[in-house]
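Structural overview for review
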Amino acid sequence: MTQPVIPQTEEMPAEVYIQEALPRVNEFRRFVRVFFSRGVVRFGAAVIVLLVLTAILAPVIAPYDPYEQNVTNILQPVSREHLLGTDSLGRDTFSRIIYGTRYALLVGVVTVLIAAFIGSFFGIIAGYMGGWTQTIIMRLTDSVMAFPPILLALILAAIMGSGIKGVMIAITFALVPGYVRLMCGQVLSAKENEYVMAADAIGVSHFQIMFRHILPNCLSPLIVQITMVMGIAILTEATLSFLGVGIMPPAAAWGAMVHDGYRYLIRRPILSLAPGVAIMVVVFAFNMVGDGLRDALDPRLRGTL
Amino acid sequence: MTTYILRRIVQSFVVVIFVTVMVFLVMRLLPGDPVLMLVTSGELQEFTQEQIDALREELGLTNPLYIQYVDWLRKAVSGDLGKSLLHRYDIAEEIKRRLPVSLHLGAFSFIIGITVGSLLGAISALRRGKWVDMLVTVAANIGITAPPFWLGILLIYILGLYLGWLPIYGYTSPFVDFGKSMLQSIMPIFCMSLFPIASTARLMRSSVIEVIQQDYIRTAWSKGLNEKIIVIRHVLKNALMPVVTMQGTVLRNIIGGSVVIETVFFVPGMGLLLTNSILAHDYTVVQGIILILALAVVFSNLVIDIIYGWLDPRIQYE
């Protein structure tokens, strides 16, 4: 390939020509190529697709009703009829794990999206306004962050009362400060850009500058963070359910299943261990996809999140 | 440096005030009031109306909110965290008794996390692409995703029940019976330190990779310094900076994780007390413990910030 000829004239500086002479990059194709370049990321993406499909098709895939009790069939070992055995009420463990994907996805996706929305809103305002607004929002964020997230979720879930609604509100609240801090930092550096000054100069309102000019330029780290935190949210829900303040039995939530199976650890370890493997694989998948997104969306962020 | 430290102390003080307000409000967020909740949930059903009123008076629930807060704060500062709603024991005394247990496991997990994690991360980065690197990367990715409570159960099953090598629950002070204490704390400390090791290793790896590409490292090589000096004095010292700042998050994680791990292994520390009190709706105890845990986080963050300012003087002028 020959180098593009760069004419040196007085009207047009050389840099402009260099930029124009570079071949156009198809951003989407570049994204796909980088994203799918690593095996673990492909694995993670496949797991998430499978997770969504399982959650939707649960009634079709599951061999048994996850809530159907059968006292004549309790604590069965692994067999062809019951791939992962049955629990203390005779329910099929495999079917319960399949239905558990619904809780995992519901909690993982909904809590993170709401937390990201609320957190980004306050983070952008704090970063853009600066001064007292920033000080107050950030000190409040620091204070909430003084509580370990799992502790915060645990206490809030206890106050809210057990059940999926309480758990989701608790996890959402525990996740918000992370987004406030992330977006505040992003906006602090983004607002120094010239396009912000230009928008300000032509009289664009603060609100428009914040949400139409700055926000789209801070989306990459936000998307990466959202994906990674989905795994954390699922893990938190499982932990709360395990401790007895989360999603309560008879619901087929993975954390609650680990807890229930714990009592029969000597006789049927698989009751406790199998749902744990499910949690681990899903959290791993979200983490890997987050890693892949980070590499594909913004290589500068590599190793920082 | 003095200005920097003073500024950080003032900031932490503001955070502490907010934290106390939040901890105080936890009890007020309950529907009705804590005493009423206990009555309705059946724990105090044998109490007469007079006893309930007296309990409410004792807790100061009849005063306006801000007076209740000031009262509670004044008592808390003087070391009085009140009494357990259910069992009437002195909360501060109980915490004092349990703190060394949690501190023992937590401190070990933290030290193991930062040393083993940084070491693995550094080795992995310096041997980038080799089998050690692959192994560390995969292990670290699994380490940050494994649910700690599940890992605890897995270890209990394999090492405790199946192989019978380690005791599966309980706690003994190392000053009472050192051998037994060691055996009992291996599994809890492993579960609690796995996330710190894994996350520190991941960060250390990317940090070392970034540092070895810097110009000053090339200069160090080209002026003929030997490998040991370059790695220890130039690479590791600079690569450790982001790792130090991350230790605040790691500590929060250990404190949060202790609640889960102490419950799994039945270790009589603050975490187990917290879980039991939450499940029993004993909210004065919950309030006392979360106050202590949150203050521990704020204080350790302050220390980490000061260490960071000392390691990297540029941060003082930001």
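Quick notes on the rules
- Sequence order as written defines the numbering, with residues in each chain counted from 1.
- Each chain gets a letter, beginning with A, and each ligand a number, beginning with 1, in the order they are written.
- Given that the model is predicted, a residue must reach a pLDDT of at least 70 before its local features are reported, and side-chain atom pairs must reach 80 or more before they are shown or counted; all residues, however, enter totals for whole chains, interfaces and linings.
- Based on all heavy atoms of the structure, the side-chain values leave hydrogens and waters out of the count.
- Throughout this description, the term nonpolar core refers to a set of buried Ala, Val, Leu, Ile, Met, Phe, Trp, Tyr and Cys residues connected via side-chain atoms within 4.5 Å.
- Each residue gets one of three labels from its accessible area relative to the maximum for its type: buried under 20%, exposed over 50%, partly exposed in between, using a 1.4 Å probe on protein chains only.
- Numbering of helices and strands runs from the N terminus; a helix is a DSSP stretch of H or I covering at least four residues, while a strand is a stretch of E covering at least two.
- Segment limits for the domains were obtained from an automatic or database-derived domain assignment.
- We call two residues in contact when some of their heavy atoms are within 4.5 Å.
- The quantity reported as buried area is the accessible area (1.4 Å probe) lost by two parts once they are put together, taken as the sum for both.
- By salt bridge we mean one thing: a side-chain nitrogen of Lys or Arg within 4 Å of a carboxyl oxygen of Asp or Glu.
- We call two N or O atoms a polar contact when they sit within 3.5 Å, provided that within protein one can donate a hydrogen and the other can accept it, with sequence-adjacent residues counted only if both atoms are side-chain atoms.

1. Quick word on the nonpolar core
Ranked by size, the top nonpolar core spans 154 residues in total, and within it A:Leu240, A:Trp254, B:Phe149 and B:Leu274 carry the most contacts. Per-element tally for this core: the top contributor is helix H7 (residues 164–190) of chain A, with 14 residues. Split by domain, this core shows at least three residues from each of two domains, domain 1 (2–77) and domain 2 (99–311) of chain B.

2. Concerning the domain arrangement of chain B
Residues and elements named next belong to chain B. Domain annotation for chain B reports domain 1 (2–77) and domain 2 (99–311). Here the C-alpha centre of domain 2 lies 33 Å away from the C-alpha centre of domain 1. If you look at the interface, domain 1 gives 21 residues, while domain 2 gives 14 residues. For the pair domain 1 and domain 2, the two sides together bury roughly 1500 Å², of which 81% comes from carbon and sulfur. Considering only the side of domain 1, the residues that lose the most area to domain 2 are Tyr 4, Val 23 and Met 27, jointly responsible for 27% of the buried surface there. Summed over the shared surface of domain 1 and domain 2, the result is 1 salt bridge. Taken together, the connections running from domain 1 to domain 2 amount to 2 residue pairs in polar contact (both at pLDDT 80 or more).

3. Topic: helix H11 (residues 270–279) of chain B
Most of H11(B) sits out of view: 8 of its 10 residues are buried. Of all the positions in H11(B), only B:Met270, B:Gly271, B:Leu272, B:Leu273, B:Leu274, B:Thr275, B:Ser277 and B:Ile278 are classed as buried. Where H11(B) is buried, its residues contact helix H6 (149–160) and helix H10 (219–243) of chain A together with helix H5 (91–126), helix H10 (227–264) and helix H12 (283–311) of chain B.

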